[in-house]
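The residues making up each chain are set out below.
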Amino acid sequence: MSTLANAEYLESVIRSSVNTNNKIHLEIPNYFLICEIEKLINTYPILKNLNFRNLTLYQLQEALEEIINHLQIRYSEYDEIFIHEIDDEKPFFTLANILLLLFYMSIKDKSHLQLTAPCKTLERVKAYETDSINFICDNAYSIQNSASNKFHFLISVPAVFASNVQQSDQLDLALKKLQFRQWQNLRLSEYIQFRKTGQNIEANAEVKNIARKIKFKI
């Protein structure tokens, strides 16, 4: 099987797990995720060497866990949530690390990933310095905790899999890219205000109903 075929297979396996765990029906392959999974397969030999013909969820979970541990991506678990927090000395969340956690937690029956960062990180980092801010904004609700001076994003795994850019959406995608070029020099704290959050959650009634039941862990 080609790397693309393996990526398509992994996307279908993880999406099936998301459907089962959340009692929803997401039947259309997510082409954005397939491309990102293909990148992960090409980056990490442990994924490339999986026996895709006889792959079990447990084997995939083990492989993802090994990568996460190797990268020292720290997280905790709370009810339906995985929580991943950074301090101000660390770079902002990368898309690859977010996806590794999302895929791993999906297999472990978790539906939401909470990303927590100091507010001063969002004041320090500019939009163009991260590859994940648009993905986060599209698929998460967000709040600022003034007491702890931290900012929280709650990413919906069902929203990630439910969103899918088709050919008919190319104009919207082009407009988003144009907006990003206009706002890319903004600090993340400013960019989020312009960009808003939760678009993919609001676009799907099933996903929205699931997200309403999940509370931030503050």
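Structure report, in brief.

Rules of the game
Residues numbered from 1 in each chain as written. Predicted model: local features only at pLDDT ≥ 70, side-chain atom pairs only at ≥ 80, totals over all residues. Heavy atoms only, no water. 1 Å grid on protein atoms, 1.4 Å probe; cavity = no way out; pocket = protein on both sides within 12 Å on 5 of 7 lines; lining within 4 Å. Points joined across faces, edges and corners; volume = space filled by probe spheres on them. Nonpolar A, V, L, I, M, F, W, Y, C, P; charged D, E, K, R; others polar. Helix = DSSP H or I, 4+ residues; strand = E, 2+ residues; numbered from the N terminus. Contact = heavy atoms within 4.5 Å. Salt bridge = Lys/Arg side-chain N within 4 Å of Asp/Glu carboxyl O. Buried < 20%, exposed > 50% of the residue type's maximum accessible area, 1.4 Å probe, protein only. Pairing = 2+ DSSP bridges. Polar contact = N/O pair within 3.5 Å; in protein donor to acceptor, adjacent residues only side chain to side chain. Axes fitted to C-alpha atoms, helices over the stretch in contact; angles between N-to-C directions. Parallel < 35°, antiparallel > 145°, perpendicular 65-115°, else oblique. Left-handed = near helix turned anticlockwise from the far one by under 90°.

Turning our attention to the layout of surface pockets. The rolling of a water-molecule-sized probe over the atoms marks out the regions of remaining empty space. Space inside the second largest pocket adds up to approximately 260 Å³. Its residues placed into classes, the lining of the second largest pocket shows six nonpolar, four polar and four charged.

This part takes up the side chain of T121. You can see T121 is positioned in helix 6 (residues 119–124). Excluding residues within four positions of it along the chain, T121 makes contact with I86, D87, D88 and F92.

Under the defined criterion, the tally for this structure stands at 10 salt bridges. A salt bridge links D138 to R195, with the nearest nitrogen and oxygen atoms 2.9 Å apart. Here D138, found in helix 7 (residues 133–139), pairs with R195, found in helix 10 (residues 188–195); they are 57 residues apart in sequence, far enough to count as distant. Just as D138 is buried, R195 falls in that class too. E202 is the salt-bridge partner of K208, the closest N and O atoms lying 2.9 Å from each other. According to the relative accessible area criterion, E202 is partly exposed, its value standing at 41%.

The next subject is the pairing of strand 4 (residues 140–145). Regular strands have side chains that alternate between both faces of the sheet. When strand 4 meets strand 5 (residues 150–156), the two strands line up antiparallel, connected through six bridges. What sits directly across from A140, in strand 5, is I155. Between strand 4 and strand 5, which pair antiparallel and follow one another directly, the connecting turn spans four residues, one of which, N149, has a positive phi of 60°.

This part covers the side chain of R15. Structurally, R15 is set in helix 1 (residues 3–22). A relative accessible area of 8% places R15 in the buried class. Within the structure, the side chain of R15 is placed 3.3 Å from the backbone oxygen of E27, a separation counted as a polar contact. Those residues in contact with R15, other than ones at most four positions away along the chain, are L26, E27, I28, P29 and F161.

As summarised here, the arrangement of the five strands in space is 1-2-3-5-4, forming an open sheet in which the pairing is mixed. Of all the strands in the sheet, just strand 1 (76–78) and strand 4 have a single pairing partner and so form its edges. Across the sheet, the axes of successive neighbouring strands diverge by a mean angle of 25°, strand direction being ignored. Docked against the sheet, helix 5 (residues 95–107) engages strand 2 (81–85), strand 3 (112–118) and strand 5, running at close to 145° with respect to strand 3.

To continue, consider the packing of helix 1 against helix 5. Each pair of packed helices can be described by the angle between their axes along with the distance between the axes. At their nearest, the axes of helix 1 and helix 5 sit 9 Å apart, and the two run at 50° to each other. What the angle tells us is that helix 1 and helix 5 run oblique. Helix 5 is crossed by helix 1, and the crossing has left-handed handedness. Contacts between helix 1 and helix 5 involve I14, S17, V18 and N21 from the former and F103, S106 and I107 from the latter. For the contact of helix 1 with helix 5, the residue count by class is four nonpolar, three polar and no charged.

What follows deals with empty space enclosed by the protein. The tally for this structure, following the rule as stated, stands at one cavity of 30 Å³ or more. Taken as a whole, the largest cavity spans an internal volume of roughly 50 Å³. Lining the largest cavity are L10, I14, I37, L40, L47, L60, L64 and F103. The set of elements that each furnish at least two residues to the lining of the largest cavity consists of helix 1, helix 2 (31–43) and helix 4 (57–70). The residue makeup of the lining of the largest cavity, split by class, is eight nonpolar, no polar and no charged.

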